[in-house]
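Here's the letter readout for the chains.
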Amino acid sequence: MSYEKITILFMINPDPIFYGMMDQLIIETFQKLKVNLIITELEELSVIIGNENKYNLMHFQHMDTCLQNITKITCILILLHILLKKLHFINLPQRLPRCGASFSLNTFKENLRRFNNKSIIKEVLGYEGTGVKLSINHNQSMELFCKSMWNGEQAIIQDFVDDTIGRSIRVLVIGGKAVSVTEFQDNVDFKSNGYSDDFTIESKMDSDKKCEYFQIAEKACAAIDPHLTIGGVDILDSMKNGMVVLEINSWPEMTFSQEATGLPLLGKFGYEFIEKIIYNNRDRTNST
């Protein structure tokens, strides 16, 4: 049987000692099946994901094949968890900030031209704003990326939405349903969760846009799991770009939102967490 209409992008494992023989056997197997096999290495690979003019881009460095014309692509990749989450948003109408991951200096340099001078450089393992830096030009972006590489850290580059400095909307979604919305504000730090002396959280439960915020957040979480136990959806309410889904926090801070809104959010989360355990145990029992 021939599979000539199938294209497989196969990445050689970065550990050639342990996986080298298996990689070679897999490649030979695909070749015997006559698939269109594209072989690459981690250093040659980069990914850019984002919504531009209502369509999403995935760019593979050194690969000229148009992805839309390929019947099927199987990608064996090592990717960042942030980018993997963004892949779930492929059918959402909301814009996403363009986001790129590179695994070598050369691919980062090549992809940098797709981003504006002002960009966000974000370390993957940071949280609560740590490891998030604002670059004012491409030279600084290169410097920040190099420093991350030297420190053994993985960093991504992301579009900077310049008319939402120090402000973001946080919607808490519990059990797939939006339950609260607040606005994070900081007039000192460009990050809305910078926790400077000026940092405040304000309830938006009475906002005219509450239903819109809730709808966007629920759709974003449903793209990952229709019954997601908890997700903290960060939305940038931009005059120039409209509603921009920044990210979903898998373990969001709840006490600030509870204090700002006066809602029993921790109780809602505790109930949903227990219900999820009961549901999962019931599934396992029925399957046996």
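In this text the structure is predicted, and so the values were computed from the model without any measurement. (Residues numbered from 1 in each chain as written. Predicted model: local features only at pLDDT ≥ 70, side-chain atom pairs only at ≥ 80, totals over all residues. Heavy atoms only, no water.)

## A look at the overall build of the protein chain
- In terms of helices and strands, the protein chain carries seven helices and 15 strands.
- Evaluated residue by residue, the protein chain yields a buried proportion of 43% over its 288 residues.
- Counting only carbon and sulfur atoms, one obtains 52% of the accessible surface of the protein chain, whose full area is about 16,200 Å². (Helix = DSSP H or I, 4+ residues; strand = E, 2+ residues; numbered from the N terminus. Buried < 20%, exposed > 50% of the residue type's maximum accessible area, 1.4 Å probe, protein only. Areas by Shrake-Rupley, 256 points an atom, 1.4 Å probe, with all protein chains shown as cover.)

## Thoughts on the confidence of the model for the protein chain
- Mean pLDDT over the protein chain works out to 77, with 76% of the residues at or above the 70 mark.
- Below pLDDT 50 for its whole length, residues 52-84 participates in 75 contacts with residues either more than four positions away or in separate chains. (pLDDT = per-residue confidence, 0-100. Contact = heavy atoms within 4.5 Å.)

## Thoughts on the pattern of salt bridges
- Applying the stated rule across the entire model yields 10 salt bridges.
- A salt bridge links glutamate 247 to lysine 122, with the shortest nitrogen-to-oxygen separation between them at 3.8 Å. Here the residue glutamate 247 occupies a position in strand β15 (residues 242-249), and lysine 122 occupies one in strand β8 (residues 119-123), the gap between them amounting to 125 residues.
- Where aspartate 162 meets lysine 240, a salt bridge forms, and the shortest distance between an N and an O atom there is 2.7 Å. One end of the pair, aspartate 162, is in the loop between β10 (155-159) and β11 (167-174); the other, lysine 240, is in the loop between β14 (230-238) and β15, with 78 residues separating them in the sequence.
- Classification of aspartate 162 as partly exposed rests on a relative accessible area of 39%. (Salt bridge = Lys/Arg side-chain N within 4 Å of Asp/Glu carboxyl O.)

## Considerations on the sheet that holds β15
- Across the sheet, which stays open at both edges, the five strands sit in the order β13-β12-β11-β14-β15 with antiparallel pairing between neighbours. Here the strands that pair on one side only, and so sit at the sheet edges, are β13 (200-203) and β15. Strand-to-strand twist across the sheet, computed as the mean angle between neighbouring axes with direction ignored, equals 30 degrees.
- With seven bridges joining them, β14 and β15 adopt antiparallel strand pairing. Counterpart to serine 238 in the pairing with β15 is glycine 242.
- In the packing of helix α5 (residues 210-222) onto the sheet, contacts are made with β11, β12 (177-185), β14 and β15, and the angle to β12 comes to roughly 110 degrees. (Pairing = 2+ DSSP bridges. Axes fitted to C-alpha atoms, helices over the stretch in contact; angles between N-to-C directions.)

## Brief notes about the packing of helix α3 (residues 105-112) against helix α4 (residues 138-150)
- Between α3 and α4, whose axes approach to 11 Å, the crossing angle comes to 155 degrees. One way to sum up the angle between α3 and α4 is to call them roughly antiparallel. Classified by chirality, the crossing of α4 by α3 is right-handed. Residues Leu105, Phe108, Lys109 and Leu112 of α3 lie in contact with α4, whose contacting residues are His138, Ser141, Met142, Phe145, Cys146 and Met149.
- Considering only residue class, the contact of α3 with α4 consists of seven nonpolar, two polar and one charged. (Parallel < 35°, antiparallel > 145°, perpendicular 65-115°, else oblique. Left-handed = near helix turned anticlockwise from the far one by under 90°. Nonpolar A, V, L, I, M, F, W, Y, C, P; charged D, E, K, R; others polar.)

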